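Okay, here's what each chain looks like letter by letter:
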Amino acid sequence: MSLDFSPIVSLPLLWTLLILVLVIGLSSVFFYGKKGVSKNRLWVKALLFLGFWTFLGLAILRPQVPNSKVSEPWLVYEKGLERSEVEFWKDSLGVEKAIEITDFEQQSDQVILLGKQFSQVELYPLRDMEIDWVLPRGNGLIQDISWKGYLRKGELQRVSYSVFSTKPDQILKFGISKTDSLSLNSGWNQGILEFATSGQGRAEVPLLMGTDTLAIIRYFVGPSVPKKYQFQLGFPSMESRTLATWLRQKGENVSEQIQLSRETFLESNKNSDSLQVRIIDPAQLSQKSVQDWVKVGKGNLMLIQVGDPSAVTQQLNRLFGTDFELEAAKTELENGLEAVPFSWKEKRGQQVSLEQRIAIQRVGGAQIGISLLESSYPLVLEGKKEAYEEIWGDIFGAMEPAEPRSKRLDAPVFQGLDTQIQLFDQDSLPEFWRVGEDTVWLKVNPINSFQAEGKWKASEEGWIDSGTDFSVYGYGLDELPAVVTARHISDLGKNTKAVEEAQSKPISPWIGLIGMLVFLGGMWVEPKL
């Protein structure tokens, strides 16, 4: 029989206490020997003390023994699952007993759940049990998937997935052109695929494995909110002009300020009162207006056209408390891009991209980025606009300024299951939000006063309107069945700790207490006899 221990104090304190009591007790026996007490009495005293010490340790260590009431695990399988599949998993898992979930009547406290689709009603009898879930092997089976239920036009949609492939080299992709694709391995595959959104309103994109449709990714695209950029340079270059043109083509508000002399500037589309991103060259770092603008967190700063990266890095770290650090570049850039012969050392709290040639760090309420690229505009001249879009889209996506009003919703949303909705508004937050016929009551986040959130259960399938500028798609429980089952099991997991504790039971504390009293009584009686 194996023993586990659950001591009432930390192990260092426990051993210190036991050793101290042991030394004191044996020392008293030693001094009795010095006084001429007979060896037989010394043995009796020592044995009585060691008995007391043993039961003291028993009381403090609180040993536990396996619970004899816990039975062997049963394999509980999905209704209608093929018998060959059940027998395969019985042999693989070394389980002797198996039963269909509709016939299960709590024959065991431990359950191995086999199948991809179980309802809440079927799982309810398992709420107080230890559950291990096993998914049958099926090509294209999705265990987990998530994406953004709401995003802005042009924003990247990221789909995280866990999908099973029965053979290698199958291609996972979206059913639209110019998007990511991935070659799968045999077994379970996890990862992220992304694509840039287009259009506006309701959107549906199929997720494909080869020619088979695994799921339909449904989400809502809101209008893009133009952000305000300013180029503040000592002299314009082809690199800065191309970048400004690209931002304008994306619908952003772009202004320019060219420094003609120390106190003379040439500006276009002046909007300095509400700037969100400043793009500068190193010469502008000496201007106090730029320094103060960043330090109070009014916007984000991006440095380009960096000729002396060592000096600029030291200046940035001194001015704003950043932690940028250069190292020798180990790789060359693709697509003929040119950069200074350095790269950024990866550090915690920083985001690096493009073979570590661009780094971004948040300081207070602002983000500071610095690029070691000398030129990226040749990509546009060579017709490689997608590569150019990928570079600067990722950079400015990471430096995205906060919007005055937005919402966040993770998809997929399932009918009848809890979904969390978050609203962001820098003016005023509503107390409730209407989605179709449902009312979602909102609670302001105690940490962020501009954020409110609430839980909602979709009461219907299909597209559900919320006002005139937003819709949510409610998936049925038969769509993506393994994902639905995972959520059901997650809800049951609230009882996991209690189940684990029930696998063993403590020895009665009265044993330690009574044992100590008996041996203490013997130590008191022994001198009198």
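Residues numbered from 1 in each chain as written. Predicted model: local features only at pLDDT ≥ 70, side-chain atom pairs only at ≥ 80, totals over all residues. Heavy atoms only, no water.

Caption draft 1: Just the overall build of the protein chain, in detail. Of the regular secondary structure elements, the protein chain holds 12 helices and 36 strands. For 529 residues, the compact-globule formula gives about 24 Å, and the C-alpha radius of gyration of the protein chain, at 34 Å, lies well above that figure. When its C-alpha atoms are laid out on the principal axes, the protein chain stretches across 110 × 70 × 50 Å. The 529 residues of the protein chain split such that 40% are buried. Restricting to contacts in the protein chain with at least 6 residues of sequence separation, those with at least 24 account for 60%. Here the protein chain carries 55 positive and 66 negative side-chain charges, and the mean point of each set is 9 Å from the other. (Helix = DSSP H or I, 4+ residues; strand = E, 2+ residues; numbered from the N terminus. Rg over C-alpha atoms; globule rule 2.2 N^0.38 Å. Buried < 20%, exposed > 50% of the residue type's maximum accessible area, 1.4 Å probe, protein only. Contact = heavy atoms within 4.5 Å. Lys, Arg positive; Asp, Glu negative; His and termini not counted. Charge placed at Lys NZ, Arg CZ, Asp CG, Glu CD.)

Caption draft 2: Examining the pattern of salt bridges more closely. Within this structure, the stated rule accounts for 12 salt bridges. The salt bridge involving Arg218 is made with Glu479; its shortest N-O contact spans 3.8 Å. One end of the pair, Arg218, is in strand 14 (residues 212–222); the other, Glu479, is in the loop between strand 35 (471–475) and helix 10 (481–492), and 261 residues separate them in sequence. What makes Arg218 buried here is its relative accessible area of 13%. Residue classification places Glu479 among the partly exposed positions, given a relative accessible area of 28%. In this structure, a network of salt bridges that share partners links the residues Asp323, Glu325, Lys345 and Lys347. (Salt bridge = Lys/Arg side-chain N within 4 Å of Asp/Glu carboxyl O.)

Caption draft 3: Expanded view of the nonpolar core. Counting residues in each nonpolar core, the largest one holds 29 residues, and the members touching the most others are Ile145, Trp147, Phe174, Ile217 and Tyr219. Elements represented by at least two residues in this core include exactly strand 7 (142–148), strand 9 (156–165), strand 10 (171–174), strand 12 (187–196), strand 13 (201–209), strand 14, strand 35 and helix 10. Among the nonpolar cores identified, the runner-up in size contains 25 residues, and Ala244, Leu247, Leu337 and Leu373 belong to it. (Core = buried A, V, L, I, M, F, W, Y, C linked by side-chain atoms within 4.5 Å.)

Caption draft 4: Representation of the side chain of Gln422. Within the fold, Gln422 resides in strand 29 (residues 418–425). Since its relative accessible area comes to 12%, Gln422 is described here as buried. Of the polar contacts made by the side chain of Gln422, one reaches the side chain of Glu453; its length is 3.2 Å. What Gln422 contacts, discounting residues up to four positions off in sequence, is Lys407, Arg408, Gln451, Ala452 and Glu453. (Polar contact = N/O pair within 3.5 Å; in protein donor to acceptor, adjacent residues only side chain to side chain.)

Caption draft 5: Up close: empty space enclosed by the protein. Scanning the entire structure with this criterion turns up one cavity of 30 Å³ or more. What the largest cavity holds in volume is close to 70 Å³. Secondary-structure elements contributing two or more residues to the lining of the largest cavity are strand 14, strand 27 (405–411) and strand 35. Of all the elements, strand 35 adds the most residues to the lining of the largest cavity, at four residues. Across the lining of the largest cavity, the residue classes break down as 11 nonpolar, two polar and one charged. (1 Å grid on protein atoms, 1.4 Å probe; cavity = no way out; pocket = protein on both sides within 12 Å on 5 of 7 lines; lining within 4 Å. Points joined across faces, edges and corners; volume = space filled by probe spheres on them. Nonpolar A, V, L, I, M, F, W, Y, C, P; charged D, E, K, R; others polar.)

Caption draft 6: Structural context of helix 5 (residues 238–249). Here helix 5 contains 12 residues, and its C-alpha end-to-end distance of 16 Å stays within 8% of the 16 Å for a straight helix at 1.5 Å per residue. When we look at burial in helix 5, the residues that qualify are Glu239, Ser240, Thr242, Leu243, Ala244, Trp246 and Leu247. Among the residues trailing helix 5, Gly251 stands out with phi positive, at a value near 95 degrees. (Expected span 1.5 Å × (residues − 1).)

Caption draft 7: Inspection of the packing of helix 5 against helix 9 (residues 385–398) at higher detail. The geometry of helix 5 relative to helix 9 is characterised by a closest axis approach of 12 Å and an angle of 75 degrees between their N-to-C directions. Taken together, the axes of helix 5 and helix 9 lie roughly perpendicular to each other. Contact residues: helix 5 offers Glu239, Thr242, Leu243, Trp246 and Leu247, while helix 9 offers Tyr388, Glu389, Trp392, Gly393 and Phe396. Here the contact of helix 5 with helix 9 is built from residues that sort into six nonpolar, two polar and two charged. (Axes fitted to C-alpha atoms, helices over the stretch in contact; angles between N-to-C directions. Parallel < 35°, antiparallel > 145°, perpendicular 65-115°, else oblique.)

Caption draft 8: Structural context of the packing of aromatic side chains. The final tally for this structure, using the stated rule, is 19 aromatic pairs. Arranged with centres 6.2 Å apart and planes meeting at 55 degrees, the rings of Phe414 and Tyr475 form a pair that is tilted. Highlighted residues: Phe414 in strand 28 (residues 413–414) and Tyr475 in strand 35, separated in sequence by 61 residues. Judged by relative accessible area, which is 0%, Phe414 ranks as buried. Taken together, the ring pairs connect Trp147, Phe414, Trp463, Tyr473 and Tyr475 into an aromatic cluster. Against the face of Tyr473 rests Arg218, its NZ or CZ located 4.2 Å from the ring centre. One Lys or Arg, Lys407, reaches over the ring of Phe470 and ends 5.2 Å from the middle of that ring. (Phe/Tyr/Trp six-rings, centres within 6.5 Å; stacked < 30°, edge-to-face > 60°. Lys NZ or Arg CZ within 6 Å of the ring centre and 35° of its normal.)

Caption draft 9: Highlighting the sheet that holds strand 14. Strand order in the open sheet formed by five strands is 8-14-13-10-11, and the pairing between neighbours is mixed. With one partner strand each, in any of the chains shown, strand 8 (150–152) and strand 11 (181–183) form the two edges of the open sheet. Pairwise comparison of adjacent strand axes, ignoring direction, gives a mean angle of 25 degrees for this sheet. The pairing of strand 10 with strand 13 spans three bridges and is classified as antiparallel. (Pairing = 2+ DSSP bridges.)

Caption draft 10: Up close: unusual backbone geometry. That bond from Ala411 to Pro412 is cis: its omega, 5 degrees, falls within 30 degrees of zero. Summarising the element assignment, Pro412 is placed in the loop between strand 27 and strand 28. Of note, Gln305 is a non-glycine position whose phi angle comes to about 55 degrees, a positive value. The phi torsion at Leu480 lies on the positive side, around 50 degrees, for a residue other than glycine. Take Leu480: it is sitting in the loop between strand 35 and helix 10. Look at Leu480 and you get buried, because its relative accessible area is 11%.

Caption draft 11: Region of interest: the pairing of strand 5 (residues 110–114). Of all five residues that make up strand 5, four are buried, and the element is covered over most of its length. Where strand 3 (residues 74–77) lies against strand 5, four bridges are found, and the strand directions are parallel. In the sheet register, Leu75 faces strand 5, and the bridge partner there is Ile112. Bridge count between strand 5 and strand 6 (residues 130–134): five bridges; the pairing is parallel. Bridge assignment links Ile112 to a residue of strand 6, and that residue is Asp132.

Caption draft 12: The arrangement of the environment of Asp418 in detail. Inspection of the secondary structure assignment puts Asp418 in strand 29. Residue Asp418 is classed as partly exposed on the basis of its relative accessible area, which comes to 46%. Sequence-wise, Asp418 and Asn139 are 279 residues apart; in three dimensions their C-alpha atoms are separated by 29 Å. Not counting residues within four places of it along the chain, the set of residues in contact with Asp418 comprises Lys455, Trp456, Lys457 and Arg487.

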